[in-house]
Structure formats: structure tokens, C-alpha cells
Amino acid sequence: MTQSRKIRLKKLYVPCPAKENDEIFRNGVFHFNISRILEDIHCGKLVVDKEYVDINEWFKWHGHHSSLNEDHLPTVNIDSIIVQAEIRPGIFSIIHGNHRIEKAFRLGKPSIYSYKLKGEQLIPYFITEKGYQAFVEYWNSKC
């Protein structure tokens, strides 16, 4: 990765507010407001890449999700778009749609459509300053 991808830590960072029914992605200290991400994509405020994810390739590199709620799987709509986020430079994780990609895999589907957020695009969606600061430190250590 190049030096140009380093993220500057904002001194006056304001976390993304989380309302009562907002969907939050939690991974360690990284907590993103999925509801705000999707809202901003749909209204055009957040412009992201879109791509089809090759499901077999995805599982080849990422493995299966052992913590899925199997009771929920039958109700999952695999036609809904998933969200990938660049958690470290060049490495993407699914932050919205793990059940969908798993169900699509089990059904033998070749691909699933996704929104793809670059690491820099995640910055406004941290719900805590601590998570934001940890992300910037982690990201910059990988650049």
C-alpha cells in the first residue's frame, strides 16, 4: 500500500449517532452504523463501488460463517444487496449480508451483488470516537 492511503486522525471527530432501531455492525471496537451507510447510499450522499461477488471465491478466501443464526436463514432474501467494507487496505469484509451470502452459497448461486466501501468511506459511520481512533491506527499500521 502506498503512503497516500494513510488516514489523518481528526482532532474533533464526531461519531455517527445511533438511533434506537439502527442496525450496527460490531467487530471488536469497530462499530459501524449500517442503517446510516445504507441511507446515505440510497439518497446519493455516499457513492460507492458496486460489484458482483464470486461466492465460491469469497468462501475460498474467507471461510464460512460459523456464528450464523440457522433459524433465520430460511427467511433471508438473497436478492438484497450486501455491503463489503475495506477493513484494512485491500482487504474487504462483509459488514451487512453474511446470512445472504451463506444462503446464496448453499443454493449454489455463482454471485451476489454488493456495495463496496473503501476504508476512507467508513470514517463518518463509527458510532464511537474510540472505535474511530482504533480504526485509523489499525489502518495506518497496515499502509
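Above this text is the structure in question.
What comes next concerns the included structure. Nothing here was measured: the structure is a model prediction, and the numbers come from that model.

As a further point, take helix H1 (residues 34-43). Ile 34, Arg 36, Ile 37, Leu 38, Asp 40 and Ile 41 are the residues of H1 that are buried. Residue Asn 33 occupies the N-cap position of H1, its side-chain oxygen lying 3.1 Å from the main-chain nitrogen of Ser 35. Phi turns positive one or two residues past the end of H1, at Gly 44, with a value near 90°.

Another aspect to go through is the side chain of Arg 100. Relative to the elements of secondary structure, Arg 100 occurs in helix H3 (residues 98-106). The buried charged residue Arg 100 lacks any salt bridge partner; its closest oppositely charged side chain belongs to Glu 23, at an N-O distance of 6.0 Å.

Turning our eyes to something else, we now look at the pairing of strand E2 (residues 30-33). Where burial is concerned, the two faces of E2 agree: the one with Phe 30 and Phe 32 and the one with His 31 and Asn 33 are both buried. Both strand E1 (residues 24-27) and E2 contribute to a ladder of four bridges, which runs antiparallel. From the neighbouring strand, Ile 24 faces E2, where its bridge partner is Asn 33. Linking E1 back to E2 in an antiparallel pair, the connection comprises two residues, with Gly 28 at a positive phi of about 60°.

The next subject is the nonpolar core. Residues Phe 32, Ile 37, Ile 95, Leu 122 and Phe 126 are the most contacted members of the largest nonpolar core, which totals 26 residues. Secondary structure elements with two or more residues in this core: E2, H1, strand E4 (82-88), strand E6 (111-117) and helix H5 (129-142). Dropping the residues within four chain positions of it, Leu 122 is found in contact with Phe 32, Ala 85, Glu 86, Ile 87, Ile 95, Leu 117 and Phe 135. Counting 10 residues, the second-largest nonpolar core is a separate cluster that includes Val 53, Phe 59, Ile 82 and Ala 104.

Looking now at helix H2 (residues 55-62). Listed in full, the buried residues belonging to H2 are Ile 55, Trp 58 and Phe 59. Along the axis of H2, the buried positions cluster into a sector of 90°, meaning they face one direction only. Residues of H2 that are exposed and point over 90 degrees away from its buried face: Asn 56, Lys 60 and Trp 61. Of the surrounding secondary structure, the elements contacted by the buried residues of H2 are strand E3 (49-54), E4, strand E5 (91-96), H3 and E6. By the N-cap criterion, in which a side-chain oxygen at the helix start approaches the backbone nitrogen of a residue two or three places on, H2 is capped by Asp 54, the distance to Asn 56 being 3.1 Å. Once H2 ends, the next one or two residues include Gly 63, with phi positive near 75°.

Basis of the calculations
- Residues numbered from 1 in each chain as written.
- Predicted model: local features only at pLDDT ≥ 70, side-chain atom pairs only at ≥ 80, totals over all residues.
- Heavy atoms only, no water.
- Buried < 20%, exposed > 50% of the residue type's maximum accessible area, 1.4 Å probe, protein only.
- Helix = DSSP H or I, 4+ residues; strand = E, 2+ residues; numbered from the N terminus.
- Polar contact = N/O pair within 3.5 Å; in protein donor to acceptor, adjacent residues only side chain to side chain.
- Lys, Arg positive; Asp, Glu negative; His and termini not counted.
- Salt bridge = Lys/Arg side-chain N within 4 Å of Asp/Glu carboxyl O.
- Pairing = 2+ DSSP bridges.
- Core = buried A, V, L, I, M, F, W, Y, C linked by side-chain atoms within 4.5 Å.
- Contact = heavy atoms within 4.5 Å.
- Arc of directions from axis to C-beta.

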